[in-house]
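Understanding the architecture of this molecule
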Amino acid sequence: MAGRRTDTRERIQQVALELFAERGYDKTSLQEVAERLEITRPALYYHFRTKEDILASVVDRLCDSIDELVAWAKEQPQTAASRQEILRRISGLLEDQWRPLFKFAQVNQGVMQGNPAGQRMQSGMLGMLSVLSVPGASAVKQFEARLAVFAVILGSVPFLFEMDLDEAERADVALEVATKLVSDD
């Protein structure tokens, strides 16, 4: 039974993010979320009372995965292979989990700025951007490390790069560029 409840919560989160990105957070009602899911409003309210609750739960999940990634990355040796694996993991999380929330955040920047969930997301992103920085490294190397993470993230934003590439190809190019930024050459 708990598995089914979790599946429903995840479906609600996914559909709500899609609607928030399509229509805008402020223009999307819980009724529309329920209709797209083909469930009743009371069924939706069983899982989430408000849009803010949905957004907070999605951001919490994102930030938890960022925190786990950052903690894991800090335990890795300072090698080129480790940096490449960290970038691959960031790219994989973008593909699997993070992309819908990033799309939402781009479309709904005003909502995210004044929201505790947005502040938590910003804090997590800052932690992730510095995950490849080596204390004591030159300013140029520290900047390149942050740019590498940012390059992987930007690879998931289709409207920033007018390239004739599908999502997977764009992500691969972004990962290749990011890897070059943190190589030992």
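Counting starts from 1 at the beginning of each chain's written sequence and moves along it residue by residue. Reporting of local features is limited, given that this is a predicted model, to residues whose pLDDT is at least 70; pairs of side-chain atoms are given and counted only at 80 or more, and all residues count toward the totals for whole chains, interfaces and linings. Water and hydrogen atoms were dropped before computing side-chain values, which therefore reflect all heavy atoms in the structure.

1. So, the side chain of serine 133
Put simply, the test is: In this description a helix means any DSSP run of H or I spanning at least four residues, a strand means any run of E spanning at least two, and both kinds are numbered starting from the N terminus. Categorising residues by exposure relies on relative accessible area from a 1.4 Å probe, with only protein chains included: less than 20% of the type maximum marks a residue as buried, more than 50% marks it as exposed, and the intermediate range marks it as partly exposed. By the criterion applied in these results, polar contacts are pairs of N or O atoms within 3.5 Å in which, for protein atoms, one can donate a hydrogen and the other can accept it, and in which residues neighboring in sequence qualify only through two side-chain atoms. Residues are treated as being in contact if the distance between any of their heavy atoms lies within 4.5 Å.
Mapped onto the elements, serine 133 comes out in the loop between helix H7 (116–129) and helix H8 (139–154). For serine 133, a relative accessible area of 14% corresponds to the buried category. Engagement of the side chain of serine 133 in a polar contact is seen with the side chain of arginine 146, the distance being 2.7 Å. Setting aside anything within four residues of it in sequence, one finds serine 133 in contact with Gln142, Ala145 and Arg146.

2. Side note on the nonpolar core
Convention followed: We define a nonpolar core as any set of buried Ala, Val, Leu, Ile, Met, Phe, Trp, Tyr and Cys residues linked to one another through side-chain atoms lying within 4.5 Å.
Counting 51 residues, the largest nonpolar core has Trp98, Met121 and Met128 as the members making the most contacts within it. Of all the elements in the fold, those that place two or more residues in this core are helix H1 (2–23), helix H2 (30–37), helix H4 (51–74), helix H5 (80–107), helix H6 (109–113), H7, H8 and helix H9 (167–181). Residue contacts for methionine 121: discarding those within four places in its chain leaves Val59, Leu62, Cys63, Leu101, Phe102, Ala105 and Met112.

3. Focus on the layout of surface pockets
Rules: A 1.4 Å probe that fits but cannot get out identifies a cavity on a 1 Å grid over protein atoms alone, an open set with protein on both sides within 12 Å along at least five of seven lines counts as a pocket, and a residue lines either if it has an atom within 4 Å of a point. Grid points are joined across faces, edges and corners, and a volume is the space filled by probe spheres set on the points. When residues are grouped by polarity, Ala, Val, Leu, Ile, Met, Phe, Trp, Tyr, Cys and Pro land in nonpolar, Asp, Glu, Lys and Arg in charged, and all others, Gly among them, in polar.
Reported here for the second largest pocket is a volume of approximately 220 Å³. For the second largest pocket, the lining is made up of 13 residues, of which Leu17, Val58, Arg61, Gln97 and Pro100 are closest to its centre. Per-element accounting of the lining of the second largest pocket gives the leading share, five residues, to H5. Grouping the amino acids of the lining of the second largest pocket by side-chain chemistry returns six nonpolar, four polar and three charged.

4. Remarks on a nonpolar patch on the surface
For clarity, the threshold we go by: For patch building, the residue pool is restricted to those with more than 30% relative accessible area and no salt bridge; the joining distance is 9 Å between like charges and 5 Å between nonpolar side chains (Val, Leu, Ile, Met, Phe, Trp, Tyr). What sets the accessible areas is the Shrake-Rupley method with a 1.4 Å probe; for residues, cover comes only from the shown protein chains. Note on definitions: salt bridges are taken to be side-chain nitrogens of Lys or Arg within 4 Å of carboxyl oxygens of Asp or Glu.
Taken together, the side chains of Met163, Val173 and Val177 define a hydrophobic patch exposed on the protein surface, amounting to about 230 Å² of accessible area. Here valine 177 lies in helix H9. Residue valine 177 is classed as partly exposed on the basis of its relative accessible area of 42%.

5. Here's the deal with empty space enclosed by the protein
To find the voids left in a structure, one rolls a probe of water-molecule size over its atoms. For the structure shown, the criterion picks out one cavity of 30 Å³ or more. Its volume calculated, the largest cavity comes out at about 30 Å³. Around the largest cavity, the lining residues are Ser91, Leu94, Arg99, Val152, Gly155, Ser156 and Ala171. Looking at which element gives the most residues to the lining of the largest cavity, the answer is H5, with three residues. A breakdown of the residues in the lining of the largest cavity according to their chemical character gives three nonpolar, three polar and one charged.

6. Structural notes on the packing of H4 against H7
The packing of two helices is summarised by the inter-axis angle and the distance between the axes. Note the following rule: Convention adopted: a line fitted to C-alpha atoms gives each axis, helices being fitted over their contacting stretch, and angles between N-to-C directions are expressed from 0 to 180 degrees. Roughly parallel means an angle under 35 degrees; roughly antiparallel, over 145; roughly perpendicular, 65 to 115; everything else is oblique. The sense of a crossing depends on the near helix, which, turned anticlockwise from the far helix by less than a right angle, makes the crossing left-handed and, turned clockwise, makes it right-handed.
Axis separation between H4 and H7 bottoms out at 9 Å; the angle between their running directions is 15 degrees. Here H4 lies roughly parallel to H7, going by the angle between them. For the pair H4 and H7, the crossing hand works out as left-handed. The residues of H7 that touch H4, namely those facing Leu55, Ala56, Val59, Asp60, Leu62, Cys63, Asp64, Ile66, Asp67, Leu69 and Val70, are Ala117, Arg120, Met121, Gly124, Met125, Gly127 and Met128. Split by residue class, the contact of H4 with H7 holds twelve nonpolar, two polar and four charged.

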